[in-house]
Amino acid sequence: MSADLTSAEKDGQLTLFTYQETEALKLFLASENGFVDAQTLEQTVWGERVVTQNSLRKLISALRLKLDDKNSIKNVRNKGYQLSFEAIQESVKKSPKNFYSTTIVITFIVLVLSMVANHYAVSSNNSTQLLPKVSQQTVFESHDYIVDYAKFNDALYVTTRDSKKSTLYKTVNRQNTVLLSANYPGAYRGIEIHSSGRTVMHVVEDSKCKIKIFDKPFEHQIDEIPCNRQNAYPSFDWIDKNKFYITFNVRPSDSIKPYTYDIEEKFLQKVTTTNFDSENGKHFIDAFIKGHGDGMFSMREDNLDEVSLIYFEGDNRRTLIRFRNKPYSIAVSENNLFYVGNNNELLRTTLTDDIYSQELTTSYVLAPQTVKISDPLMLDNELYFALGNSARESISSHSGNFNYSLENTIIDFNYTSKILSILATTNSGYVVEQLKDGTVFNSTYFDTTLSLRQIAFHQGEVYLAGTSGVYKLVNDKLISISDIKTIKLVSNGQCFIAEAEKGIYQFEAESNTFKMFTAQGERAFASKQGCLFVDNLSGYIINEKREKVAKPILVQYLFEHKGKLTHWHSVGEQTHIIDVESGEVIAKLPNRALYKRVISYEDDILYLGPKDVRTSIVKLKLDE
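Residues numbered from 1 in each chain as written. Predicted model: local features only at pLDDT ≥ 70, side-chain atom pairs only at ≥ 80, totals over all residues. Heavy atoms only, no water.

Student: Describe the sheet that holds strand E34 (residues 409-416), and please don't skip the residues or the numbers.
Tutor: Taken in spatial order, the four strands line up as E34-E35-E36-E37 in an open sheet, and their pairing is antiparallel. A single partner strand is all that each edge strand has here, and the edge strands are E34 and strand E37 (439-447). Going across the sheet, the axis of each strand differs from the next one's by a mean of 15°, ignoring polarity. (Pairing = 2+ DSSP bridges. Helix = DSSP H or I, 4+ residues; strand = E, 2+ residues; numbered from the N terminus. Axes fitted to C-alpha atoms, helices over the stretch in contact; angles between N-to-C directions.)

Student: How would you summarise helix H1 (residues 19-30) if you had to cite specific residues and measurements?
Tutor: Between its terminal C-alpha atoms H1 stretches 17 Å, which fits the 16 Å expected from 12 residues at 1.5 Å a residue. Burial analysis of H1 places 10 of its 12 residues in the buried class, the great majority of the element. Within the sequence span of H1, burial applies to Gln20, Glu21, Thr22, Glu23, Ala24, Leu25, Lys26, Leu27, Phe28 and Leu29. (Expected span 1.5 Å × (residues − 1). Buried < 20%, exposed > 50% of the residue type's maximum accessible area, 1.4 Å probe, protein only.)

Student: I'd like a description of helix H2 (residues 38-46), backed by residues and values.
Tutor: Buried residues of H2: Leu41, Val45 and Trp46, and no others. Taken end-on, H2 shows its buried residues confined to a sector of 85°, consistent with a single buried face. (Arc of directions from axis to C-beta.)

Student: Residues and numbers for the sheet that holds strand E20 (residues 257-262), please.
Tutor: With antiparallel pairing, four strands are arranged side by side in an open sheet as E18-E19-E20-E21. What marks the edges here is a single partner per strand, and that holds for strand E18 (236-240) and strand E21 (267-270). Going from strand to strand, the sheet's axes swing by 30° on average, the running direction of each strand aside. In the sheet, E20 pairs with E21 via four bridges, with the strands oriented antiparallel. Among the inter-strand pairings, Tyr259 is bridged to a residue of E21, identified as Lys270.

Student: Could you give an account of the state of the cysteines, with specific residues and numbers?
Tutor: Tallying each qualifying case throughout the model produces two disulfides. Cys209 shares a disulfide with Cys227; S-S distance 1.9 Å. The S-S bond linking Cys209 to Cys227 shows a torsion near -90°; that makes this disulfide left-handed. Of the two residues, Cys209 is situated in strand E16 (residues 208-216) and Cys227 in strand E17 (residues 219-227); the sequence distance between them amounts to 18 residues. By relative accessible area, which is 14% here, Cys227 ends up buried. A sulfur-sulfur distance of 2.0 Å marks the disulfide that ties Cys495 to Cys531. One disulfide, between Cys495 and Cys531, carries an S-S torsion of 95° and so falls in the right-handed class. Of the two residues, Cys495 is situated in the loop between strand E42 (486-491) and strand E43 (496-500) and Cys531 in strand E47 (residues 530-535); the sequence distance between them amounts to 36 residues. For Cys495, a relative accessible area of 9% corresponds to the buried category. A relative accessible area of 0% means that Cys531 is categorised as buried. By sequence order of its bonded cysteines, the chain has the disulfide arrangement 1-2, 3-4. (Disulfide = S-S within 2.5 Å.)

Student: Give me the packing of aromatic side chains: which residues, what numbers.
Tutor: Evaluated as defined, the whole model comprises 20 aromatic pairs. Where Trp238 meets Phe244, the ring centres are 5.1 Å apart and the plane angle is 65°; that geometry is what we call edge-to-face. The class for Trp238 is buried, based on a relative accessible area of 11%. With a centroid separation of 5.9 Å and 65° between ring planes, the pair formed by Tyr463 and Phe507 is classed as edge-to-face. Of this pair, Tyr463 sits in strand E39 (residues 461-466) while Phe507 sits in strand E44 (residues 503-508); the two residues are 44 residues apart in sequence, bridging distant segments of the chain. Each member of the pair, Tyr463 as well as Phe507, carries the same accessibility label: buried. Through a chain of ring-to-ring contacts, the aromatic side chains of Phe236, Trp238, Phe244 and Tyr261 assemble into a single cluster. Arg300 extends its terminal NZ or CZ atom over the ring of Phe284, reaching a point 3.6 Å from the ring centre. The cationic tip of Arg546 hangs over the ring face of Phe517; the distance from NZ or CZ to the ring centre is 4.1 Å. (Phe/Tyr/Trp six-rings, centres within 6.5 Å; stacked < 30°, edge-to-face > 60°. Lys NZ or Arg CZ within 6 Å of the ring centre and 35° of its normal.)

Note that all results are geometric; they support no functional claim without further evidence.
Structure below.
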């Protein structure tokens, strides 16, 4: 394991730990016997943020997976968790500054991994391989439940529902626009969009079941098919611009199976080239279909509400998996089939030209998750899926007019030169996103083993820093600027300083690096008056020219808002913004600010707070 516990290497394979995972490991390894109670874990890992027990279970599950041993962290019932490890003590001079750093420096960790072959079998005939590396990008979030989604060009179209309403969204760069809204929870249901823009959507309107067809996504309706309520949720799959598959039953007493509909001829027709009849004469529902080559995949639900994934081709059929819980969809590419397994994992099966006879080899895309995975879909040759009940943070505003979330965890953000710059983590690296006038103009994803916790935007360049040093982000690559371990990067667009463990460093453009400025500075922040910090000896706020600016009355975090130097600190469930010199409360944020993140944003104040996200849609980049 790395000294800072941000990564580990085993058999030549590098594993990265998230910020929360690293904090949890520090607690486990600092304890006398590896045991940490649940409350301590939650308070240390998430701070003042309110989280559920599911969040902690998800964290422990992720650590077990990365440690490659489900028994490495044991659940001590109703108390907490215990990590099994061995430590070899070395004689190293202790530093009184940081208990956890001391523990890590003096301890060489050897985790006792049992290497239990705990593979989740899809069927007795399938073999399971190691997880490939993946990179996730969240493209949609909602407090409502996601019903279905599709993509056309750069826009994502999503239908959602709650207990009272149904909504159709158009989403570009995670900015959601409501296209349709109805005061009925099941008004907008399944959607499917052809590459030409032709769109089919299942709706319930005026208590009637309808299939609406549009020339472009939800513009210019060109046709409509009446359906009966017994059709449940019809599944669609485009054959070409003028024809699509649809699961249907003309009579309520019939089974629901694939038909074709021809838009030009306005003709609904049974599929006769494939035998979809039941093998036992019982009624069934083909709940989700996807054509592939000369055959078709179907998620078939039988009369006992049991669902099987079946491949049909002519008179041949093959059952690939039987599900314990009802899944919602599958994703099919030219050579791969993706689906959610019985242990809430995302699986991939490589397809050959002869699916009926081929040997099935299954590999993990995502191992079993504590957060529900559903609705995998292949859109524009990219894999998407829906994720339920995920705990997230978002950037919120004092006014309530601004809310923004990004990936797994937002680490840092600032507003410099009219640009809002944001740093967040993905499951395998980081994402940097920048907005101007509320619109995203830069979104950069990259994988790295570096520990980065701060972002700065200085004279048109993005800088990132943390315990790994300071780096400049250029053309999706990180260029090393300095090896100082930073606590804060500060720029007002003109000046540029870094607060480190041992003082304040100033950026020198000539040498393109940071030089020591003073060893006695802390609480750095940006201001129109310069890059400011508190001098430890005098207690004054000074600038990079060593000029005294003000004397703070509280030992709290600092920032400038509307020309005033202010403190901020939490009072109860709120965060108060206080004038440095007068002590006057100038603003009260509705929630506690998380992770010491509060900035001025024009006339508004932005802070990091919890976000209530019930469901989200994730795009998955696979490393082939």
